[in-house]
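Tertiary structure, described
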Amino acid sequence: MLAQYVADKKVSTSNQLDMAIAYLKKNCSLAQIDQQDFEKQIGVGVNYTDDDINKIVSTLINQHKEELLSQRYLVDIAALLRELREAHPFADGAKLIKTFNAEIESLIGPQTEEDLSLIHI
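Counting restarts for each chain, with residues numbered from 1 along the sequence as it is written. Two thresholds apply to this predicted model, a pLDDT of at least 70 for residue-level local features and 80 or more for giving and counting side-chain atom pairs, whereas whole-chain, interface and lining totals are computed over all residues. To get the side-chain values, take all heavy atoms of the structure and skip hydrogens and water.

What follows concerns the overall build of the protein chain. Here a strand is any run of E in DSSP of at least two residues, a helix any run of H or I of at least four, and the numbering for each starts at the N terminus. Of regular secondary structure, the protein chain possesses eight helices and zero strands. Ordered by position in the sequence, the α and β elements of the protein chain form the string α-α-α-α-α-α-α-α. Note on method: radius of gyration uses C-alpha positions; expected globular size equals 2.2 Å times residues raised to 0.38. Taken over C-alpha atoms, the radius of gyration comes to 18 Å for the protein chain, far larger than the 14 Å a tight globule of 121 residues would show. Judged by the C-alpha coordinates and their principal axes, the protein chain covers about 60 × 30 × 20 Å. Expressed as a percentage of its 121 residues, the buried residues of the protein chain come to 32%. By the convention used here, residues are in contact when the closest approach between their heavy atoms is within 4.5 Å. If you take every contact in the protein chain between residues at least 6 apart in sequence, the share linking residues at least 24 apart comes to 62%. Exposure was quantified through the Shrake-Rupley algorithm and a 1.4 Å probe, taking into account, for residues, occlusion by the shown protein chains and nothing else. Counting only carbon and sulfur atoms, one obtains 51% of the accessible surface of the protein chain, whose full area is about 8000 Å². When charges are counted, Lys and Arg contribute as positive and Asp and Glu as negative, whereas His and the chain ends are disregarded. Note that the charge is assigned to NZ on lysines, CZ on arginines, CG on aspartates and CD on glutamates. Measuring between centres, the 12 positive side-chain charges of the protein chain sit 6 Å from its 19 negative side-chain charges. Three exposure classes are used, based on accessible area relative to the maximum for each residue type with a 1.4 Å probe and protein chains only: buried under 20%, partly exposed in between, and exposed over 50%.

In summary, the pairing rule links any two rings of Phe, Tyr or Trp, Trp by its six-membered ring, whose centres are within 6.5 Å, and it sorts them by plane angle into stacked for under 30 degrees, edge-to-face for over 60 and tilted for everything else. Applying the stated rule across the entire model yields two aromatic pairs. Ring centres of Tyr5 and Phe38 lie 5.2 Å apart, and the angle between their planes is 80°; this geometry places the pair in the edge-to-face category. Taken together, the residues span a long stretch of sequence, with Tyr5 in helix H1 (residues 2–7) and Phe38 in helix H3 (residues 35–42) at a distance of 33 residues. In terms of burial, Tyr5 and Phe38 fall into one category: buried. Members of the aromatic cluster, joined through ring pairs, are Tyr5, Tyr23 and Phe38. Above the face of the Tyr5 ring, Lys10 is positioned so that its terminal group lies 5.3 Å from the ring centre. Each ring is checked for a lysine NZ or an arginine CZ that lies within 6 Å of its centre and within 35 degrees of its normal; such an atom marks a charge sitting over the ring.

Spacing of three or four residues puts side chains on the same side of an α-helix, whose turn is 3.6 residues. All of the buried residues along helix H6 (residues 77–87) are Ile77, Leu80, Leu81 and Leu84. For H6, the angular spread of buried residues about the axis comes to 100°, placing them on one side. In this structure, the buried side of H6 is in contact with helix H4 (50–63), helix H5 (65–71) and helix H7 (93–108). Here a polar contact means two N or O atoms within 3.5 Å. Within protein one must be a hydrogen donor candidate and the other an acceptor candidate, and residues neighboring in sequence count only if both atoms are side-chain atoms. N-capping of H6 is provided by Asp76, with a side-chain oxygen placed 3.3 Å from the backbone N of Ala78. Throughout, the arc means the angular range of directions from the helix axis out to the C-beta atoms.

Time to look at the packing of H4 against H6. At their nearest, the axes of H4 and H6 sit 11 Å apart, and the two run at 135° to each other. The angle between H4 and H6 places the two elements in the oblique class. In terms of crossing hand, the pair formed by H4 and H6 is right-handed. In contact with Ile56, Val57, Leu60 and Gln63 of H4, H6 contributes Leu80, Glu83 and Leu84. Grouping the constituent residues of the contact of H4 with H6 by class yields five nonpolar, one polar and one charged. To obtain each axis, a line is fitted to C-alpha atoms, and for helices this fit is confined to the stretch in contact; angles are then taken between N-to-C directions over 0 to 180 degrees. The labels follow the angle: roughly parallel below 35 degrees, roughly antiparallel above 145, roughly perpendicular from 65 to 115, and oblique for the rest. Crossing handedness is defined as follows: a turn of the near helix away from the far one that is anticlockwise and smaller than a right angle gives a left-handed crossing, while the clockwise case is right-handed. As a working rule, the residues Ala, Val, Leu, Ile, Met, Phe, Trp, Tyr, Cys and Pro are called nonpolar, Asp, Glu, Lys and Arg charged, and the rest polar, with Gly in that last group.

Take unusual backbone geometry next. Its identity is not glycine, yet Lys9 carries a phi of approximately 60°, on the positive side. Within the secondary structure, Lys9 is located in the loop between H1 and helix H2 (14–26). In this structure Lys9 comes out as exposed when scored by relative accessible area, which is 65%. Phi is positive for Arg72, which is not a glycine, with a value near 50°. Of note, Arg72 is situated in the loop between H5 and H6.

None of the figures reported here should be taken as evidence of function without further support.
Structure follows, in C-alpha cells:
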C-alpha cells in the first residue's frame, strides 16, 4: 500500500513518509486501513508551492521581526524552525529551511564573530 503511494507521488516528502509509517504502525492491528483517514493524516493532496513557502516563512519572520532585529542570533532559531514545521507538517522541509535561512540572513545578516561569542557565553 505505502509503496504504491510513494510510486504515485502521493507521498513525496520524508515527513509524509514518516507520518505514513507511524500511522500504519499504530493501526496495523486493524483488518483494513481507513484510506480516507490515512490520506488525511499524511497530507495526501496537500501541496505547497514555492510562493506558499515564501509566504509562510515571511509571515513567521514578520511575527518575530523585532525580536530578531534586537537579539539577532540569540533568538532560538531552532524553535522558530520547529514552529514552521509543526504548523506546516506537509511542506517540503528542505525548502522551508532554505527559505527560512535566506530570509533570516536577509533581515539580520550573516552570523558575526560577536554573535558567536554571545551565543557561547
